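Residues per chain are reported as follows:
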Amino acid sequence: MRFAIGDTDFLLDGQPHRVLSGAIHYFRVHPDLWADRIRKAKLMGLNTVETYVAWNAHEATPGTFDFTGGLDLGRFLDLVAAEGMHAIVRPGPYICAEWTNGGLPFWLFTDRTVGIRRDEPQFLAAVGRYLDALAAILVPRQIDAGGPIVLVQVENEYGAYGSDPVYLEKLERMHRDIGLTVPFTSVDQPMGSMLEDGSLPSLHKTGSFGSRSTERLARLRQAQPTGPLMCSEFWDGWFDSWGEHHHTTSAAASASDLDDLLAAGGSVNVYMFHGGTNFGFTNGANDKGVYRPIATSYDYDAPLDEAGRPTEKFHAFRQVIARHAPVPDLPASMQPGGSGRLTTDAVAGLEARPTPAWDVAVRLDRVLPLAGLLPTITSWTTHETPPTFDELGAASGFVLYRTEVDLPEGGVLTVAEEVRDRALVRVDGRTVGVLEREHHDRAIALPPVTGLLELLVEDQGRVDYGPRIGEPKGLIGAVRIDDDVLSRWTVSPLALDPVPEDALDALRTAATSAGETLAGPAYAMGSFDLAESGADLDRYLALDGFRKGVAWVNGFCLGRYWSRGPQATLAVPGPVLRPGRNEVVVFEVHASASRTVCMCVEPALGHTEA
């Protein structure tokens, strides 16, 4: 088959074709759930699935690529093909996506001479290596080779970043040189000069917007007089940042804008069809004067919620699509009020098993302070000045900084430039306060102490958009007490994703402790039993009474929690759970008023605002 760009339409084997796509990021969804989410995209009436490719997830260390498990892009695309659907692939190299560092590997920035997202030899050499690694996955899966890929996007909203046509030309050529033959696209907001600055005549321009469709398409047509109109990011919701409300949009208003777009003959990629989750330490952050880390949930108020269930928006969009294209019949479980679950029988057209409605309280009865687990999760090095995360080779998570001090009268600790992003300050095992990047904190008063000074520094997410992309993490600049610069630091990242088996064994064999409160920083473990009949249902871990930290279920890192909200639960993919005994581990940085968590069916994503 052949896919091409005609004067007015996309052409599939020479016939006009409308792209009805939805975004599913394979790296935000448990791989055992990919087929389920793709099938549900088809049930809403879509014929295409779009995904970014997260470069930094695949090349965590230079020259070593991982395309296995949850990063098996080839398998994801094969599942799209198995549903008879097409695929749009957006390899970047920059993706934004509210993903840590916008998808760019942190190690690119350790040499500050590398010029990111521009015509710079070191950057382009690294991009070339990345594209070469993708070639074996993408090239044989193009539509003209019998695969699902019909479009490939070059760069991402580049017009909002800069205007370097030489860079774009070289990047386009690099995509072609690895063997990609399908049409190439660009995407930008139809505002100002972004469409012109972010593209080339050889790239088909598409728009990104979520409202005022008729007006936005008119601006797109002005920038590109011929060819099919396409909104390749139709924003149907928005992402959440810690401390903000949970963003929602009106299903009726979004559906109306989608109807306007399709009535104008446009093609669409719904961003997001299914948002998923920023598992582990993968969330990004924004900084427009104030640093705001992005929440763990990427529910996005999408047609398919974080647990893969159809929402009001799913049915509203499906009704709109049905006015412009055929849609398949819905199984009973996907009808309004249904469970939203698709078993093998349900995919064949039969109703899925009923959803078990239960919540399970899990007491975390085994507790060890962070200090007790340090031998199993640290690898110490010594430094005269505090190194950054980047200098330690730590992409994310926590780093513990230690030095000895002699302060018989106390003093004021000051970080010269910036704390990135949050430091828990402790002396002789006692917490004395927190330095928050969001508050622009750089100084804290210390009590009299002669002994150990510790700063437990958390990277809360690398900036994914704007000029602060790629900045190093950790303690930036000299650390002083009063006028004296501190030296002779002992430093280690904490091994958290995954938690080493030795650390888990230490928790399992820890004495059962009484009491309801938990004094951090500390790890706590508990277990619960699950019947096999419920193991394929996604759940949520509720952490009422806990303040800030990270949680795991059966070794799978669910991500960060924070009592400031908006979300009060963490998504637990059904495949992570197993029949019989299941383990929950929580790393609480501060303290909790409870030692009981709840494994529940319904999420608590925060108060909503239309």
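Treat the numbers as computed from the prediction; the structure is a model and nothing was measured.

This part takes up the side chain of threonine 100. Within the fold, threonine 100 resides in the loop between strand E6 (86-90) and helix H4 (121-138). Relative accessible area serves as the criterion here: at 11%, threonine 100 is assigned to the buried category. Beyond its immediate chain neighbours, meaning those up to four positions away, threonine 100 contacts Asn56, Phe281, Thr282, Asn283, Gly284 and Arg462.

Turning our eyes to something else, we now look at H4. Over its 18 residues, H4 extends 24 Å from the first C-alpha to the last, a length consistent with the 26 Å expected when each residue adds 1.5 Å. Those residues of H4 that fall on the buried side of the exposure criterion are Phe123, Leu124, Ala126, Val127, Gly128, Tyr130, Leu131, Leu134, Ala135, Ile137 and Leu138. Where H4 is buried, its residues touch helix H2 (55-58), helix H3 (73-82), E6, strand E7 (149-153) and helix H5 (165-177).

Here we come to the side chain of histidine 246. As for its placement among the helices and strands, histidine 246 is situated in strand E11 (residues 246-247). For histidine 246, the side chain forms a polar contact with the side chain of aspartate 240, separated by 2.6 Å.

Turning our eyes to something else, we now look at the sheet that holds strand E14 (residues 291-293). Pairing is mixed in the open sheet, where three strands are placed in the order E14-E13-E25. Since the sheet does not close on itself, it has two edges, and those belong to E14 and strand E25 (462-465), each with one partner. The sheet shows a mean angle of 45° between the axes of neighbouring strands, taken without regard to direction. As paired strands, strand E13 (residues 284-287) and E25 are joined by three bridges and run parallel to one another. If you follow asparagine 286 over to E25, its bridge partner there is tyrosine 465.

Moving on: the layout of surface pockets. Space inside the largest pocket adds up to approximately 1200 Å³. Lining the largest pocket are 42 residues, and of these Ala57, Phe281, Thr282, Ser396 and Asp497 sit closest to its centre. Contributions of two or more residues to the lining of the largest pocket are made by H2 and strand E34 (556-562). By residue number, the principal contributor to the lining of the largest pocket is H2, which donates three residues. Taken together, the residues that form the lining of the largest pocket break down as 24 nonpolar, 14 polar and four charged. Lining the second largest pocket are 21 residues, with Cys96, Glu98, Trp238, Phe239 and Tyr465 positioned closest to its centre. Mapped onto the lining of the second largest pocket, the elements with two or more residues apiece are strand E10 (230-235), E13 and E25.

To continue, consider the packing of H3 against H4. Between H3 and H4, whose axes approach to 9 Å, the crossing angle comes to 30°. Once H3 is placed against H4, the crossing between them reads as right-handed. Every residue of H4 that contacts H3 at Leu73, Gly74 and Leu77 is listed here: Leu134, Ile137 and Leu138. Looking at the contact of H3 with H4, its residues break down into five nonpolar, one polar and no charged.

Before going further, it helps to spend a moment on the confidence of the model for the protein. For the protein, per-residue confidence averages 95 on the pLDDT scale, and 96% of positions sit at 70 or higher. Within the model, pLDDT remains below 50 along residues 344-356, and this stretch shows 26 contacts once partners closer than five positions in the same chain are excluded.

Strand order in this open sheet of six strands is E17-E29-E18-E24-E21-E22, and the pairing throughout is antiparallel. Either end of the sheet is taken by a strand with one partner, and the two such strands are strand E17 (381-383) and strand E22 (430-436). Averaged over all pairs of adjacent strands, the angle between strand axes in this sheet comes to 25°, irrespective of strand direction. Bridge count between strand E21 (residues 422-427) and strand E24 (residues 449-459): six bridges; the pairing is antiparallel. Residue valine 427 lies in a different strand from E24, and its bridge partner there is leucine 453.

Below, the discussion takes up the packing of helix H7 (residues 213-223) against helix H8 (residues 251-263). Following both chains from N to C, one finds H7 and H8 inclined at 40°, their axes separated by 8 Å at the closest point. Judged by the inter-axis angle, H7 sits oblique to H8. Listed contacts from H8 to Ser213, Thr214 and Leu217 of H7 are Asp257, Asp260 and Leu261. In the contact of H7 with H8, the residues fall into two nonpolar, two polar and two charged.

Glancing now at the pairing of E21. With six of its six residues buried, E21 lies for the most part within the structure. Burial along E21 is two-sided: the residues Arg422, Leu424 and Arg426 and Ala423, Val425 and Val427 are all buried. Alignment of E21 against E22, held across six bridges, turns out to be antiparallel. Bridge pairing links leucine 424 to valine 434 in E22. Joining the antiparallel neighbours E21 and E22 is a turn of two residues, in which aspartate 428 adopts a positive phi near 50°.

Time to look at the pattern of salt bridges. Taken as a whole and assessed by the stated rule, the structure comprises 41 salt bridges. One salt bridge connects aspartate 36 with arginine 37, and the closest N-O pair in it is separated by 2.7 Å. Linking aspartate 538 and arginine 37 is a salt bridge whose minimum nitrogen-to-oxygen distance equals 2.8 Å. Taken together, the positions of aspartate 538 in the loop between strand E31 (522-530) and strand E32 (539-542) and arginine 37 in helix H1 (residues 34-43) put the pair 501 residues apart, joining distant regions of the chain. Each member of the pair, aspartate 538 as well as arginine 37, carries the same accessibility label: buried.

Our focus in this paragraph is the packing of aromatic side chains. Tallied over the entire structure, the rule returns 28 aromatic pairs. Considering the side-chain rings of tryptophan 55 and phenylalanine 123, the 6.5 Å spacing of their centres and the 45° angle between planes classify their relative orientation as tilted. Here the residue tryptophan 55 occupies a position in helix H2, and phenylalanine 123 occupies one in helix H4, the gap between them amounting to 68 residues. Each member of the pair, tryptophan 55 together with phenylalanine 123, is buried. By way of ring pairs, the aromatic residues Tyr52, Trp235, Trp238, Phe239, Tyr271, Tyr298 and Tyr300 are connected into one cluster. The ring of tyrosine 298 has arginine 28 sitting right over it, with the charged end atom 3.7 Å from the ring centre. The aromatic ring of tryptophan 562 is capped on one face by arginine 564, whose charged end is 4.4 Å from the ring centroid.

Looking now at the environment of aspartate 329. By the element assignment, aspartate 329 lies in the loop between helix H9 (312-322) and helix H10 (344-347). For the pair aspartate 329 and leucine 541, spaced 212 residues apart in sequence, the C-alpha to C-alpha distance is 33 Å. Discounting chain neighbours no more than four positions away, the residues touching aspartate 329 are Leu43 and Arg318.

Cut-offs and rules
- Residues numbered from 1 in each chain as written.
- Predicted model: local features only at pLDDT ≥ 70, side-chain atom pairs only at ≥ 80, totals over all residues.
- Heavy atoms only, no water.
- Helix = DSSP H or I, 4+ residues; strand = E, 2+ residues; numbered from the N terminus.
- Buried < 20%, exposed > 50% of the residue type's maximum accessible area, 1.4 Å probe, protein only.
- Contact = heavy atoms within 4.5 Å.
- Expected span 1.5 Å × (residues − 1).
- Polar contact = N/O pair within 3.5 Å; in protein donor to acceptor, adjacent residues only side chain to side chain.
- Pairing = 2+ DSSP bridges.
- Axes fitted to C-alpha atoms, helices over the stretch in contact; angles between N-to-C directions.
- 1 Å grid on protein atoms, 1.4 Å probe; cavity = no way out; pocket = protein on both sides within 12 Å on 5 of 7 lines; lining within 4 Å.
- Points joined across faces, edges and corners; volume = space filled by probe spheres on them.
- Nonpolar A, V, L, I, M, F, W, Y, C, P; charged D, E, K, R; others polar.
- Left-handed = near helix turned anticlockwise from the far one by under 90°.
- pLDDT = per-residue confidence, 0-100.
- Parallel < 35°, antiparallel > 145°, perpendicular 65-115°, else oblique.
- Salt bridge = Lys/Arg side-chain N within 4 Å of Asp/Glu carboxyl O.
- Phe/Tyr/Trp six-rings, centres within 6.5 Å; stacked < 30°, edge-to-face > 60°.
- Lys NZ or Arg CZ within 6 Å of the ring centre and 35° of its normal.

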